[in-house]
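# A closer look at the structure
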Amino acid sequence: MSKVRAKKHLGQHFLCDLQVAERIACSLTGFGDTRNVLEIGPGMGVLTDYLLEKPWELTLIEIDSESVSYLREKYAGRALTILEGDYLAGKYRELYKAPYAIIGNFPYNISSQIFFKVLEERDRVMEVVGMLQKEVAERITSPKGNKTYGILSVLLQAFYVAEYLFTVPPDVFDPPPKVNSAVIRLKRNSVQELPCNEKLFFRLVKQAFHTRRKTLRNALKPMGLSEAFKSMELLDLRAEQLGVDDFVYLTQKLESSWKQ
Ligand SMILES: C[S@@+](CC[C@H](N)C(=O)[O-])C[C@H]1O[C@@H](n2cnc3c(N)ncnc32)[C@H](O)[C@@H]1O
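Please read these numbers as outputs of a predicted model, since none were measured by experiment. (Residues numbered from 1 in each chain as written. Predicted model: local features only at pLDDT ≥ 70, side-chain atom pairs only at ≥ 80, totals over all residues. Heavy atoms only, no water.)

## A word on the packing of aromatic side chains
Each aromatic ring pair is described using two quantities: the centre-to-centre distance and the angle formed by the ring planes. One pass over the structure, following the stated rule, counts six aromatic pairs. Centre to centre, the rings of Tyr96 and Tyr100 are 4.2 Å apart; their planes meet at 20 degrees, and the pair counts as stacked. Since its relative accessible area comes to 5%, Tyr96 is described here as buried. Centroid distance Phe209 to Phe247: 6.0 Å. Interplanar angle 35 degrees. Geometry classified as tilted. One end of the pair, Phe209, is in helix 8 (residues 198-210); the other, Phe247, is in helix 11 (residues 244-259), and 38 residues separate them in sequence. Positioned above the aromatic ring of Phe166 is the side chain of Arg23, whose terminal nitrogen or guanidinium carbon lies 3.8 Å from the ring centre. One Lys or Arg, Arg188, reaches over the ring of Tyr160 and ends 5.7 Å from the middle of that ring. (Phe/Tyr/Trp six-rings, centres within 6.5 Å; stacked < 30°, edge-to-face > 60°. Buried < 20%, exposed > 50% of the residue type's maximum accessible area, 1.4 Å probe, protein only. Helix = DSSP H or I, 4+ residues; strand = E, 2+ residues; numbered from the N terminus. Lys NZ or Arg CZ within 6 Å of the ring centre and 35° of its normal.)

Here's what the structure looks like:
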(Lines give C-alpha, C1' and ligand atoms only; values in the text may rest on other atoms or scores of the structure.)
Protein backbone atom coordinates (compact mmCIF):
# COMPACT_ATOMS: atom_id res chain seq x y z
CA MET A 1 0.00 0.00 0.00
CA SER A 2 1.57 3.28 -0.98
CA LYS A 3 1.26 6.18 1.45
CA VAL A 4 -1.37 8.90 1.05
CA ARG A 5 -0.09 12.14 -0.50
CA ALA A 6 -0.52 14.98 2.03
CA LYS A 7 -3.01 17.58 0.75
CA LYS A 8 -2.65 21.00 2.28
CA HIS A 9 -6.21 22.17 1.58
CA LEU A 10 -7.52 19.23 3.68
CA GLY A 11 -5.27 20.11 6.62
CA GLN A 12 -3.38 16.84 6.22
CA HIS A 13 -0.46 16.66 8.63
CA PHE A 14 0.08 12.99 9.37
CA LEU A 15 1.20 12.05 12.86
CA CYS A 16 4.38 9.95 12.73
CA ASP A 17 5.15 9.49 16.41
CA LEU A 18 3.49 6.28 17.58
CA GLN A 19 3.92 7.10 21.27
CA VAL A 20 1.98 10.33 20.81
CA ALA A 21 -0.68 8.47 18.79
CA GLU A 22 -1.08 5.88 21.55
CA ARG A 23 -1.26 8.58 24.21
CA ILE A 24 -4.06 10.35 22.31
CA ALA A 25 -6.01 7.13 21.72
CA CYS A 26 -5.65 6.14 25.39
CA SER A 27 -6.99 9.54 26.53
CA LEU A 28 -10.48 8.44 25.55
CA THR A 29 -12.09 7.02 28.70
CA GLY A 30 -15.52 5.82 27.55
CA PHE A 31 -17.04 8.46 29.83
CA GLY A 32 -20.80 8.06 30.34
CA ASP A 33 -20.60 4.34 29.46
CA THR A 34 -20.13 5.21 25.82
CA ARG A 35 -18.86 2.50 23.49
CA ASN A 36 -19.67 4.23 20.17
CA VAL A 37 -16.69 6.20 18.92
CA LEU A 38 -16.48 8.43 15.84
CA GLU A 39 -12.98 9.25 14.60
CA ILE A 40 -12.83 12.40 12.49
CA GLY A 41 -10.13 12.52 9.80
CA PRO A 42 -8.32 9.19 10.33
CA GLY A 43 -5.89 9.86 7.44
CA MET A 44 -3.77 6.70 7.30
CA GLY A 45 -5.09 5.30 10.56
CA VAL A 46 -2.30 6.07 13.01
CA LEU A 47 -4.81 6.68 15.85
CA THR A 48 -7.21 4.06 14.49
CA ASP A 49 -4.66 1.28 15.06
CA TYR A 50 -4.68 2.00 18.79
CA LEU A 51 -8.44 2.57 18.95
CA LEU A 52 -8.96 -0.89 17.46
CA GLU A 53 -7.21 -2.40 20.49
CA LYS A 54 -10.01 -1.05 22.71
CA PRO A 55 -13.60 -2.26 23.05
CA TRP A 56 -15.00 0.62 20.97
CA GLU A 57 -17.64 0.36 18.24
CA LEU A 58 -15.59 2.41 15.82
CA THR A 59 -16.73 4.55 12.88
CA LEU A 60 -14.30 6.62 10.81
CA ILE A 61 -15.29 9.66 8.78
CA GLU A 62 -12.73 10.88 6.25
CA ILE A 63 -13.22 13.43 3.47
CA ASP A 64 -10.24 12.41 1.33
CA SER A 65 -11.06 9.62 -1.12
CA GLU A 66 -7.39 8.61 -1.40
CA SER A 67 -7.24 8.11 2.40
CA VAL A 68 -10.56 6.24 2.32
CA SER A 69 -9.24 3.75 -0.28
CA TYR A 70 -6.08 3.32 1.79
CA LEU A 71 -8.10 2.69 4.96
CA ARG A 72 -10.51 0.27 3.25
CA GLU A 73 -7.56 -1.81 2.11
CA LYS A 74 -5.71 -1.57 5.44
CA TYR A 75 -8.73 -2.53 7.55
CA ALA A 76 -10.41 -5.04 5.20
CA GLY A 77 -12.24 -7.62 7.31
CA ARG A 78 -11.88 -5.63 10.55
CA ALA A 79 -14.87 -4.69 12.69
CA LEU A 80 -15.23 -0.98 11.97
CA THR A 81 -17.25 1.31 9.69
CA ILE A 82 -15.55 3.63 7.23
CA LEU A 83 -17.54 6.59 5.90
CA GLU A 84 -16.34 8.88 3.14
CA GLY A 85 -17.55 12.44 3.62
CA ASP A 86 -17.35 15.80 5.33
CA TYR A 87 -17.83 15.54 9.08
CA LEU A 88 -19.35 19.03 9.15
CA ALA A 89 -22.09 18.00 6.71
CA GLY A 90 -22.96 14.72 8.45
CA LYS A 91 -26.24 13.95 10.19
CA TYR A 92 -25.17 12.05 13.28
CA ARG A 93 -28.64 11.89 14.79
CA GLU A 94 -29.41 9.23 12.20
CA LEU A 95 -26.10 7.41 12.66
CA TYR A 96 -26.17 7.42 16.45
CA LYS A 97 -29.35 6.87 18.39
CA ALA A 98 -27.22 6.32 21.51
CA PRO A 99 -24.55 8.53 23.11
CA TYR A 100 -21.17 8.55 21.42
CA ALA A 101 -17.65 9.93 21.72
CA ILE A 102 -15.52 11.79 19.19
CA ILE A 103 -11.77 11.52 18.72
CA GLY A 104 -9.37 12.86 16.13
CA ASN A 105 -6.25 14.62 15.11
CA PHE A 106 -8.47 17.30 13.66
CA PRO A 107 -7.90 19.20 10.42
CA TYR A 108 -6.82 22.51 11.94
CA ASN A 109 -8.56 24.67 9.33
CA ILE A 110 -11.96 23.49 10.61
CA SER A 111 -11.27 22.71 14.28
CA SER A 112 -13.47 25.54 15.65
CA GLN A 113 -16.30 24.46 13.33
CA ILE A 114 -15.96 20.90 14.63
CA PHE A 115 -16.55 22.17 18.17
CA PHE A 116 -19.58 24.24 17.13
CA LYS A 117 -20.96 21.04 15.59
CA VAL A 118 -20.25 19.18 18.85
CA LEU A 119 -22.34 21.84 20.61
CA GLU A 120 -25.24 21.13 18.24
CA GLU A 121 -24.93 17.44 19.13
CA ARG A 122 -24.41 17.99 22.85
CA ASP A 123 -27.29 15.75 23.89
CA ARG A 124 -25.44 12.75 22.39
CA VAL A 125 -21.72 13.59 22.45
CA MET A 126 -20.46 12.46 25.87
CA GLU A 127 -16.72 12.86 25.36
CA VAL A 128 -14.32 14.45 22.87
CA VAL A 129 -10.56 13.87 22.65
CA GLY A 130 -9.02 16.05 19.99
CA MET A 131 -5.67 17.34 18.80
CA LEU A 132 -5.81 20.87 17.41
CA GLN A 133 -3.74 24.06 17.24
CA LYS A 134 -2.38 24.86 20.71
CA GLU A 135 -3.93 28.33 20.54
CA VAL A 136 -7.45 26.98 19.97
CA ALA A 137 -6.91 24.28 22.62
CA GLU A 138 -6.00 27.02 25.11
CA ARG A 139 -9.04 29.05 24.10
CA ILE A 140 -11.44 26.15 24.68
CA THR A 141 -10.00 25.16 28.06
CA SER A 142 -9.30 28.67 29.35
CA PRO A 143 -10.86 29.85 32.63
CA LYS A 144 -12.52 33.28 32.78
CA GLY A 145 -10.21 36.26 33.16
CA ASN A 146 -7.66 34.93 30.65
CA LYS A 147 -6.89 36.68 27.37
CA THR A 148 -7.65 33.44 25.51
CA TYR A 149 -11.12 33.09 27.10
CA GLY A 150 -13.75 33.52 24.40
CA ILE A 151 -16.96 32.33 22.75
CA LEU A 152 -15.96 28.65 22.49
CA SER A 153 -14.70 28.62 26.11
CA VAL A 154 -18.06 29.79 27.47
CA LEU A 155 -20.30 27.76 25.18
CA LEU A 156 -18.36 24.51 25.59
CA GLN A 157 -17.78 24.95 29.31
CA ALA A 158 -21.53 25.44 29.77
CA PHE A 159 -22.00 21.80 28.77
CA TYR A 160 -18.59 20.12 29.16
CA VAL A 161 -15.71 19.85 31.60
CA ALA A 162 -12.73 20.87 29.45
CA GLU A 163 -9.15 19.68 30.13
CA TYR A 164 -5.89 20.63 28.43
CA LEU A 165 -3.98 17.32 28.34
CA PHE A 166 -0.60 17.90 26.65
CA THR A 167 1.31 19.91 24.04
CA VAL A 168 2.65 18.34 20.82
CA PRO A 169 5.54 19.91 18.82
CA PRO A 170 5.42 20.26 15.00
CA ASP A 171 8.27 17.81 14.31
CA VAL A 172 6.15 14.71 15.00
CA PHE A 173 4.04 15.37 11.88
CA ASP A 174 4.68 14.86 8.18
CA PRO A 175 4.58 17.52 6.84
CA PRO A 176 5.12 19.55 10.04
CA PRO A 177 2.53 22.29 10.66
CA LYS A 178 3.71 25.86 11.33
CA VAL A 179 2.16 25.89 14.81
CA ASN A 180 2.31 23.88 18.02
CA SER A 181 -0.51 21.45 18.68
CA ALA A 182 -2.25 20.30 21.84
CA VAL A 183 -4.60 17.56 22.92
CA ILE A 184 -7.72 18.38 24.90
CA ARG A 185 -10.54 16.32 26.39
CA LEU A 186 -14.16 17.32 26.97
CA LYS A 187 -16.52 15.35 29.19
CA ARG A 188 -20.21 16.11 29.24
CA ASN A 189 -21.33 17.73 32.51
CA SER A 190 -24.69 17.04 34.16
CA VAL A 191 -26.46 20.09 32.69
CA GLN A 192 -29.23 18.83 30.41
CA GLU A 193 -30.64 22.29 29.77
CA LEU A 194 -29.45 25.66 30.95
CA PRO A 195 -31.91 27.48 33.23
CA CYS A 196 -32.44 30.16 30.58
CA ASN A 197 -33.40 30.54 26.92
CA GLU A 198 -30.49 28.64 25.31
CA LYS A 199 -30.82 30.28 21.89
CA LEU A 200 -30.62 33.69 23.50
CA PHE A 201 -27.67 32.54 25.66
CA PHE A 202 -25.73 31.58 22.50
CA ARG A 203 -26.59 34.93 20.87
CA LEU A 204 -25.68 36.94 23.93
CA VAL A 205 -22.29 35.20 24.41
CA LYS A 206 -21.39 35.74 20.73
CA GLN A 207 -22.45 39.40 20.89
CA ALA A 208 -20.57 39.98 24.17
CA PHE A 209 -17.26 38.76 22.71
CA HIS A 210 -17.81 40.42 19.33
CA THR A 211 -16.26 43.58 20.75
CA ARG A 212 -14.50 42.04 23.72
CA ARG A 213 -12.64 45.18 24.78
CA LYS A 214 -15.85 47.11 25.38
CA THR A 215 -17.83 46.92 28.60
CA LEU A 216 -20.83 44.63 28.26
CA ARG A 217 -23.12 47.65 28.39
CA ASN A 218 -21.63 48.81 25.08
CA ALA A 219 -20.96 45.41 23.57
CA LEU A 220 -24.57 44.28 24.06
CA LYS A 221 -26.17 47.52 22.78
CA PRO A 222 -27.21 45.99 19.43
CA MET A 223 -29.45 43.56 21.33
CA GLY A 224 -31.85 46.36 22.38
CA LEU A 225 -31.34 46.98 26.10
CA SER A 226 -33.97 48.51 28.37
CA GLU A 227 -32.98 51.22 30.88
CA ALA A 228 -33.52 48.79 33.77
CA PHE A 229 -31.26 46.16 32.18
CA LYS A 230 -28.60 48.75 31.35
CA SER A 231 -28.38 49.81 34.98
CA MET A 232 -27.07 46.38 36.10
CA GLU A 233 -23.60 46.58 37.65
CA LEU A 234 -22.49 43.39 35.90
CA LEU A 235 -22.53 45.36 32.64
CA ASP A 236 -19.55 47.44 33.83
CA LEU A 237 -17.42 44.36 33.19
CA ARG A 238 -16.04 42.98 29.93
CA ALA A 239 -17.07 39.61 28.48
CA GLU A 240 -13.82 37.86 29.46
CA GLN A 241 -14.51 38.59 33.14
CA LEU A 242 -17.79 36.61 33.22
CA GLY A 243 -18.26 32.91 33.92
CA VAL A 244 -20.95 30.64 32.47
CA ASP A 245 -23.29 31.34 35.42
CA ASP A 246 -22.98 35.10 34.89
CA PHE A 247 -23.92 34.70 31.22
CA VAL A 248 -26.91 32.55 32.21
CA TYR A 249 -27.98 35.24 34.68
CA LEU A 250 -27.62 37.99 32.06
CA THR A 251 -29.68 35.93 29.59
CA GLN A 252 -32.47 35.50 32.13
CA LYS A 253 -32.46 39.22 32.93
CA LEU A 254 -32.36 40.26 29.28
CA GLU A 255 -35.28 38.04 28.36
CA SER A 256 -37.39 39.22 31.30
CA SER A 257 -36.54 42.89 30.55
CA TRP A 258 -38.00 42.45 27.04
CA LYS A 259 -41.24 41.12 28.52
CA GLN A 260 -41.78 44.08 30.85
C1 LIG B 1 -4.35 16.50 10.67
S2 LIG B 1 -4.83 15.21 9.56
C3 LIG B 1 -4.80 13.81 10.66
C4 LIG B 1 -4.69 12.49 9.99
C5 LIG B 1 -4.47 11.30 10.93
N6 LIG B 1 -5.54 11.17 11.91
C7 LIG B 1 -3.16 11.43 11.65
O8 LIG B 1 -3.17 11.70 12.86
O9 LIG B 1 -2.12 11.26 11.01
C10 LIG B 1 -6.57 15.59 9.37
C11 LIG B 1 -7.37 14.58 8.58
O12 LIG B 1 -8.73 15.06 8.48
C13 LIG B 1 -9.23 14.87 7.16
N14 LIG B 1 -10.28 15.87 6.94
C15 LIG B 1 -10.13 17.17 6.56
N16 LIG B 1 -11.32 17.79 6.51
C17 LIG B 1 -12.26 16.86 6.87
C18 LIG B 1 -13.68 16.90 7.01
N19 LIG B 1 -14.36 18.02 6.79
N20 LIG B 1 -14.33 15.76 7.39
C21 LIG B 1 -13.63 14.62 7.62
N22 LIG B 1 -12.28 14.53 7.51
C23 LIG B 1 -11.60 15.63 7.15
C24 LIG B 1 -8.00 15.03 6.29
O25 LIG B 1 -8.18 14.43 5.03
C26 LIG B 1 -6.92 14.35 7.16
O27 LIG B 1 -6.86 12.98 6.89
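More follows now that the structure is in view.
## Side note on the packing of helix 8 against helix 11
The description of two packed helices rests on the angle between their axes and on the distance between the axes. Between helix 8 and helix 11, the least distance of the axes is 9 Å, while the angle of their chain directions is 110 degrees. By the angle class used here, helix 8 and helix 11 are roughly perpendicular. On helix 11, the residues touching Leu200, Phe201, Arg203, Leu204, Val205, Ala208 and Phe209 of helix 8 are Val244, Phe247, Val248, Leu250, Thr251, Leu254, Glu255 and Trp258. Looking at the contact of helix 8 with helix 11, its residues break down into 12 nonpolar, one polar and two charged. (Axes fitted to C-alpha atoms, helices over the stretch in contact; angles between N-to-C directions. Parallel < 35°, antiparallel > 145°, perpendicular 65-115°, else oblique. Contact = heavy atoms within 4.5 Å. Nonpolar A, V, L, I, M, F, W, Y, C, P; charged D, E, K, R; others polar.)

## Overview of unusual backbone geometry
Note on backbone geometry: most residues besides glycine have negative phi, and most peptide bonds are trans. The omega torsion across Asp174 and Pro175 is -5 degrees, close enough to zero to call that bond cis. Within the secondary structure, Pro175 is located in the loop between strand 8 (173-174) and strand 9 (181-188). Look at Asp33: it is not a glycine, yet its phi comes out positive at around 60 degrees. Taking the relative accessible area as the measure of exposure, Asp33 reaches 71% and is therefore exposed.

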